[in-house]
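# Reading the structure
Here is how the chains run, residue by residue.
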Amino acid sequence: MDLTIPEFKHTASLTLKGKQDFIDGLGCTIIDNKIIHFPKKKVKGSGYFIELSSDVSVLIVDLTLNEPMRLTRMPSEEDFWIVYYDMSDNLNKHFIDNIKHKTGYRSKLGFAIIDSRLQSSYVSAVGERAYSLRLYIRKTYIKNYFHGAVLEKDFKNIFDNKKREMFYYGHIDSRSKVELHNLKQQSMSDSNYEFLLKSTAFKLFGYFLERLKIDMSNTGLFLEKDLIAIMKTQEFLLSNLLAPFPGVKILSEIANMSISKYRILYENVFGMSAVSFFKKEKLELAAKLLKSGEFKTISDIAFELGYHKTAYFSSLYKKHYGDIPSSVFKSKTW
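Summarised in this report is the structure supplied together with it. Remember, it's a predicted structure, so these values are computed and weren't measured experimentally. Sequence order sets the numbering: in each chain, residues are counted from 1 along the sequence as written. Per-residue local features are limited, in this predicted model, to residues with pLDDT of at least 70; the limit for side-chain atom pairs, both in listing and counting, is 80 or more; totals at the level of whole chains, interfaces and linings are taken over all residues. As a convention, hydrogens and water are excluded, and side-chain values are obtained from all of the structure's heavy atoms.

## Some details on the packing of aromatic side chains
Classification of ring pairs uses Phe, Tyr and Trp, with its six-membered ring standing for Trp, and accepts pairs whose centres are within 6.5 Å; under 30 degrees between planes counts as stacked, over 60 as edge-to-face, and the remaining range as tilted. Within this structure, the stated rule accounts for 16 aromatic pairs. Ring geometry for phenylalanine 111 against phenylalanine 208: centres 6.4 Å apart, planes inclined by 50 degrees, an arrangement best described as tilted. Taken together, the residues span a long stretch of sequence, with phenylalanine 111 in strand E10 (residues 111-115) and phenylalanine 208 in helix H5 (residues 193-213) at a distance of 97 residues. The exposure class assigned to phenylalanine 111 is buried, which follows from its relative accessible area of 1%. An aromatic cluster of at least three residues, connected via ring pairs, comprises Tyr307, Tyr312, Phe313, Tyr317 and Tyr321. Helix numbering and strand numbering both begin at the N terminus, where a helix is a DSSP run of H or I of at least 4 residues and a strand a DSSP run of E of at least 2. Using a 1.4 Å probe on the protein chains alone, a residue whose accessible area is under 20% of its type maximum counts as buried, one over 50% counts as exposed, and one in between counts as partly exposed.

## Comments concerning the environment of alanine 229
Relative to the assigned elements, alanine 229 resides in helix H7 (residues 224-239). Residues alanine 229 and isoleucine 254, spaced 25 residues apart in sequence, show a C-alpha to C-alpha distance of 7.5 Å. Working rule for contacts: check all heavy atoms of both residues, and any pair within 4.5 Å makes them a contact. If we ignore the near neighbours within four places in the chain, the residues touching alanine 229 are Ala255 and Met257.

## Focus on the pattern of salt bridges
A pair can form between side chains of opposite charge whenever their charged atoms are brought close. A pairing counts as a salt bridge when a side-chain nitrogen of Lys or Arg comes within 4 Å of a carboxyl oxygen of Asp or Glu. Within this structure, the stated rule accounts for 14 salt bridges. We note a salt bridge from arginine 129 to aspartate 62, for which the minimum N-O separation is 2.8 Å. Pair noted here: arginine 129 is in strand E12 (residues 129-138) and aspartate 62 is in strand E5 (residues 56-65), with a separation of 67 residues, a long-range link. Classification of arginine 129 by relative accessible area gives partly exposed; the value is 27%. The salt bridge involving aspartate 79 is made with lysine 139; its shortest N-O contact spans 3.3 Å. Separated by 60 residues along the polypeptide, aspartate 79 in the loop between strand E6 (70-74) and strand E7 (80-86) and lysine 139 in helix H2 (residues 139-143) bring together distant segments of the chain. Each of Glu77, Asp79, Asp115, Arg117 and Lys139 takes part in salt bridges that share partners, so that together they form one network.

## Observations concerning the side chain of lysine 184
You can see lysine 184 is positioned in helix H4 (residues 174-184). Take lysine 184: its relative accessible area is 11%, and that puts it in the buried class. Not counting residues up to four positions away in its chain, the partners in contact with lysine 184 are Met87, Ser88, Asp89, Arg129 and Tyr131.

Here you go:
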């Protein structure tokens, strides 16, 4: 973590009153006890906070930093989960226990669950729009949705007061992403914005409960070491796009886990298999190379990317983009 970036410490809460240190510390103004306007000198943008019930609250943050700032949320005495959905235009950095996680629409990890008793820091790039929604959900309220064997088998440690240091990162599911995208297009000053926000929040909460009951009960919540291992293989893939796909066996060895466990965890985090991710990223790189004007022929690009047959490369490209490589190719001129 870059400790040279000025740090602003604050607490999170299920109530607006519990966020007073955040509001006062940044010099925000509050309208109708729900709209938060940030000081223009430091931050451009607004926030919107609603208590949906005594157990669930929602906060929208839509801002652009005018100067570097590290927003550090301090541990809370309130026992709740913070469920993050990051739809920022850029890549943001989220630090938990000094471990960096990339979040935002362009990252593969825009969804997170973080225990309120864990400290975390959020860093966004100056001049870039940061947009996120946070659900604050009391843990005892979530517990009401799980009973018997499911709770005891899969979620026992999560609700154990002696084991509070839980966090989870993953992809935003498609239904939630659609709801968030639609909300992102709306202005907080619109007369119907509160209705839209409440509607979106309740839908996200429902999808979240489904995800807990189905996806996570099948795979288990990630241990920190497993998440770090998965991310290590992700970096390996991105660093070797010019080579053939290394194979799941090699990736699982890098992650120091069985092939079956690696496949399950990878797909749960990124929403696709490792080979699908690799193909997608390789073809996105191909599109950039085709438009770069740095190659004489399409065959040169295919060879650069590790494809021995240009026709095969062209078929993969067309299947992915719906058009042939020559439609965007810019030849190198001498």
